[in-house]
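Topology and contacts: notes
Spelled out from the first residue to the last, the chains are:
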Amino acid sequence: MGGNRIQVGIVGAGPAGLLLGHLLHLNGIDSLIVENRSREYVIDRVRAGVLEQGTVDLLQAMGVGDGLQQAGLRHEGLHVSFRGSRHRIDLAGLTGGKAITVYGQNEVVRDLIDARTATTRPLHFEAERVSVSDLDSSSPVLRFQHGGAEHEVHCDYIAGCDGFHGICRPAIPEGVLTVYERIYPFAWLGILSEAAPSSEELVYTYHDRGFALFSMRSPKVTRLYFQVPPDEPIEHWSDEAIWTEMLERMTTQDGWQPNVGRIIQKSVTPMRSFVAAPMRYGRLFLAGDSAHIVPPTGAKGLNLAASDVLVLARALKAFYQHGRTEWLQEYSDVCLRRVWKAQRFSWWMTSTLHRFPDGHAFDHQRQLADLDYLTTSRAAMTSLAEQYVGLPADVSFESAGLTD
Ligand SMILES: Cc1cc2nc3c(=O)[nH]c(=O)nc-3n(C[C@H](O)[C@H](O)[C@H](O)COP(=O)(O)OP(=O)(O)OC[C@H]3O[C@@H](n4cnc5c(N)ncnc54)[C@H](O)[C@@H]3O)c2cc1C
């Protein structure tokens, strides 16, 4: 059995774990990242694609923004479509020049794995039987099998960055966490298509047949979604049927519609709002999807993972460099303020843009009125814009060891 000691044990090499590992590296803090999937699997997983301005700034400040700089698509606006017409919301004009950047989570993860590898600090893929224990002691333990050997690593702190289905949150004793949850009565059927995007900006559609979203991953690949019943088997949808439904929902009166191309990936994603609080137990800190899930309508999941680990990196830096623990104590409270605002925004976007199976004619008219107000009131558009590009960071980059 390999015995060992490390400053910070990180479970999970998704965006949260990899970002945290690099932030700690930049502050001279040693960490070990343990991931149960393979490198290829982690990179190929198709997920988020919209980065808030603050996430872009963070990646740049961390020195891992070259790929983003070259291939990211900066969007200064988005469209909301209903009753057959598209309405543009000027994100940059309403927020003093802030924008979102479309850059696939795959690319973010690939860039971060490359950066981690270059540091030569440990990152173990395909680890098995990962577990954490002694969380309320001064030396929590991370155990796993890797390369045919058993490992037992004693840590100062453990970061649970292992996503919604990970092992860290369930390792917290019963009764400690309060769980807040809402499961929506629909899912998203999403496709990647080899088709040039027919709009330079995202188009959110509210249609009589339900929600649809036009987005993209690159100048050659379109990413599209529409609302389906929960647990809809993807096998029920032929490529032809998917395109018929997409075009039915998205085509506007002026003739705009997505370009049709070969479908290269398709999947169904359930929709859930979830928060487990507090995001800390003893010396275990939960970050990203391990602590909270948002429905993807507001494009906040990856961005929240980034803001959590910025707060955690600040706290760990203060501990290792100055022996201060108050920011570790405050970690959960600071994160949850932002998490709940993102939860509220994601719930609002979801509720406004989807047809609910039990919705009444009243709800439909109310949603249309909501969208009419949103697209004609500068105050309403500003509210959406400042939340969509991302509310200001709760902690400064400088406090986490970066140059603002
Ligand atoms: C299908 C899907 C589609 C999504 N689409 C969008 C979207 O369009 N827009 C958006 O903003 N967000 C989207 N999200 C959310 C976004 O991808 C997440 O918020 C983001 O990945 C959170 O990063 P994370 O690092 O916290 O968690 P994850 O990315 O889930 O990373 C956790 C990592 O931990 C690993 N792990 C799990 N268990 C263990 C274990 N026992 N031991 C070791 N490692 C473990 C996992 O393999 C994974 O690599 C989507 C999520 C899913 C699941």
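Residues numbered from 1 in each chain as written. Predicted model: local features only at pLDDT ≥ 70, side-chain atom pairs only at ≥ 80, totals over all residues. Heavy atoms only, no water.

This paragraph deals with the sheet that holds strand 13 (residues 203-207). Strand order in the open sheet formed by eight strands is 6-5-13-14-15-12-16-19, and the pairing between neighbours is mixed. The sheet terminates laterally at strand 6 (85-89) and strand 19 (292-293), the two strands that pair on one side only. Pairing of strand 12 (residues 178-194) with strand 15 (residues 221-228) involves seven bridges; the strand directions are antiparallel. Residue pairing across strands places Ile 191 opposite Leu 224, the latter belonging to strand 15. Sheet strands in contact with helix 7 (residues 239-250) are strand 12, strand 13, strand 14 (210-218), strand 15 and strand 16 (262-277), and its direction is about 85 degrees off that of strand 15. Running over the sheet, helix 10 (residues 361-374) touches strand 5 (78-82), strand 6 and strand 13 and is turned about 145 degrees from strand 5. (Pairing = 2+ DSSP bridges. Helix = DSSP H or I, 4+ residues; strand = E, 2+ residues; numbered from the N terminus. Contact = heavy atoms within 4.5 Å. Axes fitted to C-alpha atoms, helices over the stretch in contact; angles between N-to-C directions.)

Quick look at the packing of helix 8 (residues 301-322) against helix 9 (residues 326-353) now. Orientation of helix 8 relative to helix 9, taken along the N-to-C sense of each, is 165 degrees, at an axis distance of 9 Å. With respect to each other, helix 8 and helix 9 are oriented roughly antiparallel. For the pair helix 8 and helix 9, the sense of crossing is right-handed. Touching Leu 304, Ser 307, Asp 308, Val 311, Leu 312, Arg 314, Ala 315, Leu 316, Ala 318 and Phe 319 of helix 8 are Trp 327, Leu 328, Glu 330, Tyr 331, Val 334, Cys 335, Arg 338, Val 339 and Ala 342, all from helix 9. Here the residues of the contact of helix 8 with helix 9 sort into 14 nonpolar, one polar and four charged. (Parallel < 35°, antiparallel > 145°, perpendicular 65-115°, else oblique. Left-handed = near helix turned anticlockwise from the far one by under 90°. Nonpolar A, V, L, I, M, F, W, Y, C, P; charged D, E, K, R; others polar.)

A word on the state of the cysteines. Applying the stated criterion to the full structure yields zero disulfides. As a non-bridged cysteine, Cys 155 has Cys 168 as the owner of its nearest cysteine sulfur, 10 Å distant. With no disulfide of its own, Cys 335 lies 11 Å from the sulfur of Cys 161, the closest cysteine sulfur. (Disulfide = S-S within 2.5 Å.)

On to the pairing of strand 12, then. Two elements, strand 12 and strand 16, share 14 bridges in a ladder whose sense is antiparallel. Bridge pairing in strand 16 links Thr 178 to Ala 277.

Attention shifts here to the pattern of salt bridges. Pairs can form between side chains of opposite charge whenever their charged atoms are close. Scanning the model with the defined rule gives 18 salt bridges in all. Among the salt bridges present, the one from Glu 107 reaches Arg 110, with a minimum N-O distance of 3.7 Å. Placement of the pair is Glu 107 and Arg 110 together in helix 6 (residues 105-119), with a separation of three residues, close to one helical turn. Using a relative accessible area of 31% as the deciding quantity, one classes Glu 107 as partly exposed. Note that Arg 249 is salt-bridged to Glu 245, the shortest N-O span being 2.8 Å. Of this pair, Arg 249 and Glu 245 both sit in helix 7, four residues apart, which is roughly one turn of the helix. Here the two residues Arg 249 and Glu 245 agree in accessibility, since each one is buried. Sharing partners across several salt bridges, the network here consists of Glu 52, Lys 300, Arg 338 and Asp 394. (Salt bridge = Lys/Arg side-chain N within 4 Å of Asp/Glu carboxyl O. Buried < 20%, exposed > 50% of the residue type's maximum accessible area, 1.4 Å probe, protein only.)

Further remarks concern the nonpolar core. Generally speaking, a soluble globular protein has its nonpolar side chains buried in company with each other. Membership of the largest hydrophobic core comes to 78 residues, with the highest contact counts inside it found for Leu 20 and Leu 142. For this core, the leading source of residues is helix 8, giving 11 residues. The contact partners of Leu 142, leaving out residues within four places of it in the chain, are Gly 9, Val 11, Leu 32, Val 34, Val 130, Ser 131, Val 132, His 151, Glu 152, Val 153, Cys 155 and Ile 158. Counting 50 residues, the second-largest nonpolar core is a separate cluster that includes Phe 82, Val 203, Leu 224 and Met 381. (Core = buried A, V, L, I, M, F, W, Y, C linked by side-chain atoms within 4.5 Å.)

Before going further, it helps to spend a moment on the site of the ligand. What surrounds the ligand is a group of 30 residues, the closest being Glu 35, Arg 45, Arg 47, Gln 105 and Asp 289. Measuring from an oxygen atom of the ligand, one finds a backbone N or O atom of Gly 301 at 3.3 Å. In the complex, the protein chains occlude 86% of the 990 Å² of accessible area that the ligand would expose alone. Sorting the residues of the shell around the ligand by element identifies helix 1 (15-26) and helix 8 as the ones contributing at least two each. (Near = heavy atom within 4 Å. Polar contact = N/O pair within 3.5 Å; in protein donor to acceptor, adjacent residues only side chain to side chain. Areas by Shrake-Rupley, 256 points an atom, 1.4 Å probe, with all protein chains shown as cover.)

Per the counting criterion, the structure on display carries 16 aromatic pairs. Centre to centre, the rings of Phe 285 and Tyr 331 are 5.4 Å apart; their planes meet at 80 degrees, and the pair counts as edge-to-face. Of the two residues, Phe 285 sits in strand 18 (residues 284-286) while Tyr 331 sits in helix 9, which places them 46 residues apart along the sequence. Assigned by exposure class, Phe 285 and Tyr 331 land together as buried. Ring centres of Phe 319 and Tyr 320 lie 4.9 Å apart, and the angle between their planes is 75 degrees; on these two criteria the pair is classed as edge-to-face. For Tyr 320, a relative accessible area of 23% gives the class partly exposed. Lys 300 extends its terminal NZ or CZ atom over the ring of Tyr 388, reaching a point 5.6 Å from the ring centre. (Phe/Tyr/Trp six-rings, centres within 6.5 Å; stacked < 30°, edge-to-face > 60°. Lys NZ or Arg CZ within 6 Å of the ring centre and 35° of its normal.)

With 15 residues, helix 6 extends 21 Å between its outermost C-alpha atoms, agreeing within 8% with the 21 Å of an ideal straight helix rising 1.5 Å per residue. Restricting attention to buried positions, one finds in helix 6 the residues Gln 105, Asn 106, Val 108, Val 109, Asp 111, Leu 112, Ile 113, Ala 115, Arg 116 and Thr 119. At the C-terminal side of helix 6, Thr 120 shows a positive phi close to 65 degrees. (Expected span 1.5 Å × (residues − 1).)

Attention shifts here to the pairing of strand 11 (residues 149-160). A regular strand places its side chains so that they alternate between the two faces of the sheet. Note that strand 10 (residues 141-146) and strand 11 share six bridges and pair antiparallel. Considered in strand 11, the bridge of Val 141 is made with His 154. What sits between the antiparallel neighbours strand 10 and strand 11 is a turn of two residues, in which Gly 147 has the positive phi angle 55 degrees. Bridge count for strand 11 against strand 18 is three bridges, and the pairing is parallel. Within the sheet, the bridge partner assigned to Gly 160 lies in strand 18 and is Leu 286.

Okay, the side chain of Ser 215 next. Here Ser 215 is to be found in strand 14. Residue classification places Ser 215 among the buried residues on the basis of a relative accessible area of 6%. Contact partners of Ser 215, with chain neighbours within four places excluded, come to Leu 202, Thr 222, Arg 223, Leu 224 and Tyr 225.

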